[in-house]
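# Geometric and topological summary
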Amino acid sequence: MILVLLKAACLLEVLSLAVFSTHVHIMVQKIYFGSLFVAKFYFAFFRKAYFVVTYGSFYGSQFSPSYGSSHTIALMLGLPEITEEQAIKIIELALNVDLKLGAKLAGDVKPELQQKTVNMIAQQQVTEWFRIFLLGETKSLKAADELIKTVKHSDPDIRRKSVWASMKLGSEATLSVINIAIEDADFHVRKTAIRAIAELDNEQAISLVSLILIKDPIVSVREMAVMRVLGKLDSEAAILELLRATQDLEYKVSGMATRCLEKMEREAVISVLTKVLKNKNSDLSLRKSAADLLGKLGNERIIIDLFEAYLDLNSDLHRTVSYAIFQIKNRAITKENDIKEHQKSQQKGQINHWLRYLNSEEPIERGNAIFYLTSLLGKEVAIDLATQALEDPHHYVRGHALTGLAKLIGKEAIPQVIKALDDSHCNVCDQASQELIGLRQYLPANLEISEATVSRLIGILNKDQNMYDIYIQEKTLTTLTKLCSIQPNLLLNEDLENAFINASKAADNSLHSSAATGLGKFSSEKAASRLLDMVGDTDFDVALSATESLKNMPFPITAKYLPDLINLIPTSPDGFVLDAVVSIQSRCQFYNYEISQSKPPQITEAIETHSIHDKLNIITQEVKKVSEQPKRVINTTNYFEKGTHNHNHNYTNDETLKQQVIELRQFVHQLHQAYQPTDEAKAVEIIDVEVRAIQKTNPTRWQKIKNQFQLLRSQLLNPENHFQATKATLAEVAKHYLEESVFSKAFITYIDTLSANNE
């Protein structure tokens with residue numbers, strides 16, 4: 001049956017290849033697949049699938065599925081008609097494209113073949129931690145035996161990664177690995193096991209945590225079991241286990257258990273505690289703990305239950321219950337007005353305390369006084385106090401004054417905050433940049449941080465270093481990074497970019513991590529290339545910052561670095577390079593950069609060697625005759641409605657659309673006037689920076705431009721409008737709407753790289 005379906009799909013695809021320019025065919029595709037894009041994809045996939053199933057290879061060439069096609073291939077691998085030989089061949093081809101893809105598909109084959117395909121993954125010649133990661137990616141129970149071996153490895157880091165990987169295989173496999181891991185000699189491995197336990201169902205999780213709380217000698221392990229597992233559950237069994245944990249001899253554990261109970265739904269907790277208290281067969285110490293907690297959490301309604309326990313002849317329980325009743329009655333007697341009066345008196349005392357330090361000779365005391373008094377005093381008095389403190393000779397006081405003023409008056413503080421960017425001390429400058437980020441929603445669209453301010457900060461980075469200068473330069477890097485997120489056109493400043501690159505190469509590597517974070521803001525080849533060099537740094541923080549920055553840059557820039565990053569995976573045991581690779585693959589929608597850049601395989605000869613294909617070729621030739629005739633544009637929306645046809649819609653003269661995208665046209669015109677780029681690449685960079693700036697600083701304008709962006713995108717990239725148009729042709733159409741030549745070409749590139757959510 002599968003062969004019949006695949007052959008039928010191939011027939012449809014051959015038809016599609018010949019008549020893709022005809023709108024009748026587009027209409028047929030939409031009927032079956034909902035959209036032209038989906039139709040094209042399925043036709044392409046079924047062609048590949050047919051050749052794999054029939055001949056054992058994808059045209060004898062490279063297997064190059066799109067990123068999203070793995071789901072469809074997975075469906076095919078699960079079909080009962082797939083043979084072992086065919087499944088193994090597909091996994092081999094997939095492993096040549098991307099190891100993670102191969103691992104995923106190995107777990108998607110039908111169950112009876114999974115042992116074979118999972119063994120293929122287990123036999124990959126890669127570093128041990130990466131092999132374990134790939135076994136987890138299979139999500140197959142057949143990988144459990146291999147992970148049970150690796151969880152006994154001599155390296156505790158490998159054992160931890162084995163626990164993480166088991167979490168992807170389902171609870172049965174995870175449980176087998178956890179049972180070994182909770183007995184591990186290394187407490188870090190046991191903590192990782194607790195994280196895995198939190199993913200199990202309630203009954204299994206509580207049983208394992210109960211064992212840990214009894215047996216584990218490390219306080220932090222028991223505390224983590226309470227917080228990560230029991231604190232997240234709300235069942236009666238979990239409450240009971242938390243009650244037992246309140247008896248732990250270590251306060252960190254018992255205190256954590258108490259806090260977890262206090263955060264739970266009050267009535268449910270009281271119900272369980274009351275049951276324990278009234279059960280005379282319960283352990284006496286457990287009943288005392290229940291009574292103690294009822295005194296803290298209960299209300300007048302439970303006094304009758306407490307009184308029943310109060311009559312118990314055991315003196316220890318009697319005293320505990322007596323105190324619990326006292327606590328509840330005392331809370332009931334306390335009036336709301338008394339509480340408010342107490343709070344007011346307390347606040348007055350705090351004000352008097354900090355007023356004494358306002359004129360202290362110690363700047364720390366003055367600064368702390370400003371910090372607290374701007375929250376405690378009336379608004380007008382607090383504003384005057386903070387404004388005066390901005391002139392204090394010490395940076396610590398000025399920094400707290402700036403924070404207090406921003407909290408008190410919000411957007412009205414923007415002028416003072418911008419002025420503080422030129423403060424003589426780097427800490428105040430950095431605080432000012434942080435406050436601007438907090439006030440981002442109020443910043444004007446035409447906000448300009450002066451060139452003098454930026455030049456002064458760049459100058460600090462270019463100074464010769466001594467110990468104090470290094471601290472100042474690190475703070476300055478942080479400040480400039482924040483300013484770039486507030487005013488993205490700073491990213492076009494080459495001096496600024498060069499300053500970040502120089503800082504990333506400074507003799508003192510304490511600057512490298514901050515420089516890497518800042519370089520991630522620049523959408524340039526130069527910044528990306530430097531970040532790639534830093535990914536392999538021996539310093540963990542530097543390598544992590546560089547990797548995070550590189551993966552978040554626009555994917556048209558980072559995609560070409562996929563091969564280099566993949567080669568770095570074995571040297572990055574913490575896995576953040578792998579995380580970057582997966583993130584970039586997801587955004588650029590392909591696994592293998594080299595294959596994505598190669599020409600698609602030719603299948604003409606393969607088709608001509610088989611009789612069925614000869615028949616298809618005859619059909620193809622007939623259809624080609626039709627496709628070579630003058631084209632008619634058919635409006636498929638109303639094609640079947642009363643025979644109404646629209647044959648000669650001239651899209652390049654659509655003045656209506658020009659009026660609908662007027663905000664976008666103004667935006668492009670402003671960019672052209674401001675920058676006047678000479679090449680498309682520079683224009684794309686400018687568009688990217690400016691779009692992100694508007695999105696962050698002017699949500700209202702961004703919403704208008706975004707809607708018009710999507711409207712223009714649907715017009716330019718809609719196959720029914722310009723189905724076989726070259727980029728040059730589309731650029732001409734864009735020029736009609738946007739009027740600027742260089743930016744029209746750049747917008748085609750930019751629109752074509754928009755993410756799936758069009759944000």
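Residues numbered from 1 in each chain as written. Predicted model: local features only at pLDDT ≥ 70, side-chain atom pairs only at ≥ 80, totals over all residues. Heavy atoms only, no water.

A count of helical and extended segments in the chain gives 45 helices and 0 strands. In the chain, which comprises 759 residues, the proportion classed as buried is 48%. Considering only contacts within the chain whose residues lie at least 6 apart along the sequence, 66% involve residues at least 24 apart. Within the structure as shown, the chain displays about 38300 Å² of accessible surface, and the carbon and sulfur contribution to it stands at 52%. (Helix = DSSP H or I, 4+ residues; strand = E, 2+ residues; numbered from the N terminus. Buried < 20%, exposed > 50% of the residue type's maximum accessible area, 1.4 Å probe, protein only. Contact = heavy atoms within 4.5 Å. Areas by Shrake-Rupley, 256 points an atom, 1.4 Å probe, with all protein chains shown as cover.)

Attention shifts here to helix α6 (residues 99-106). Along α6, the residues that are buried comprise L101, G102, A103, L105 and A106. For α6, the capping residue at the N-terminal end is D98, with a side-chain oxygen 3.1 Å from the backbone nitrogen of K100. (Polar contact = N/O pair within 3.5 Å; in protein donor to acceptor, adjacent residues only side chain to side chain.)

The next point concerns the nonpolar core. Among the nonpolar cores identified, the biggest contains 183 residues, and I197, V226 and L306 are the most heavily contacted of them. Considering each element in turn, this core owes the most residues, 7 residues, to helix α28 (residues 467-486). Once residues lying within four places of it in the same chain are set aside, the contact partners of L306 are L277, L294, V321, A324, I325 and I328. (Core = buried A, V, L, I, M, F, W, Y, C linked by side-chain atoms within 4.5 Å.)

For the rest of this paragraph, the subject is the confidence of the model for the chain. Taken as a whole, the chain shows an average pLDDT of 77; of its residues, 71% reach a score of 70 or greater. Here residues 50-64 is modelled with pLDDT under 50, and outside its nearest four sequence neighbours on either side it reaches 46 contacts, counting other chains as well. Confidence drops under a pLDDT of 50 for residues 622-653, and excluding neighbours within four residues, the segment shows 34 contacts in the predicted structure. (pLDDT = per-residue confidence, 0-100.)

What follows deals with the pattern of salt bridges. Applying the stated criterion across every chain yields a total of 24 salt bridges. Residue E146 is joined to R131 by a salt bridge in which the shortest nitrogen-to-oxygen separation is 3.1 Å. One end of the pair, E146, is in helix α9 (residues 144-150); the other, R131, is in helix α8 (residues 128-138), with 15 residues separating them in the sequence. Neither E146 nor R131 differs from the other in exposure class; each is buried. A salt bridge links E548 to K551; the shortest N-O distance between them is 3.4 Å. Residue E548 and its partner K551 are located together in helix α32 (residues 540-551), separated by 3 residues, close to a single helical turn. Accessibility expressed as a relative area gives 12% for K551, which makes it buried. (Salt bridge = Lys/Arg side-chain N within 4 Å of Asp/Glu carboxyl O.)

Before going further, it helps to examine the packing of α6 against α8. Viewed as axis vectors pointing N to C, α6 and α8 meet at an angle of 40°, and their least axial separation amounts to 7 Å. As the angle between them shows, α6 and α8 are arranged oblique. Crossing hand, α6 versus α8: right-handed. From α6, L99, K100, A103, K104 and A106 reach across to α8, where they touch F130, F133, L134, E137 and T138. Here the contact of α6 with α8 is built from residues that sort into 6 nonpolar, 1 polar and 3 charged. (Axes fitted to C-alpha atoms, helices over the stretch in contact; angles between N-to-C directions. Parallel < 35°, antiparallel > 145°, perpendicular 65-115°, else oblique. Left-handed = near helix turned anticlockwise from the far one by under 90°. Nonpolar A, V, L, I, M, F, W, Y, C, P; charged D, E, K, R; others polar.)

A few words on the side chain of S166. Here S166 lies in helix α10 (residues 156-166). The exposure class assigned to S166 is buried, which follows from its relative accessible area of 0%. For S166, the residues in contact, after removing those within four places along its chain, are L147, A173, T174 and V177.

All told, the structure shown has 8 aromatic pairs when counted by the stated rule. Pairing W129 with F130 gives two aromatic rings, centres 5.7 Å apart and planes at 50°, and the pair type is tilted. Grouping residues by exposure puts W129 and F130 together as buried. (Phe/Tyr/Trp six-rings, centres within 6.5 Å; stacked < 30°, edge-to-face > 60°.)

Within the element layout of this structure, L358 appears in the loop between α21 (336-355) and α22 (363-376). Spatially, the C-alpha atoms of L358 and L385 are 9.7 Å apart, while their sequence positions differ by 27 residues. Not counting residues within four places of it along the chain, the set of residues in contact with L358 comprises R366, A369, I370, L373 and L385.

Let us look at the side chain of T320. Note on placement: T320 falls in helix α20 (residues 315-333). Setting aside its immediate chain neighbours within four residues, T320 contacts K288, A291 and D292.

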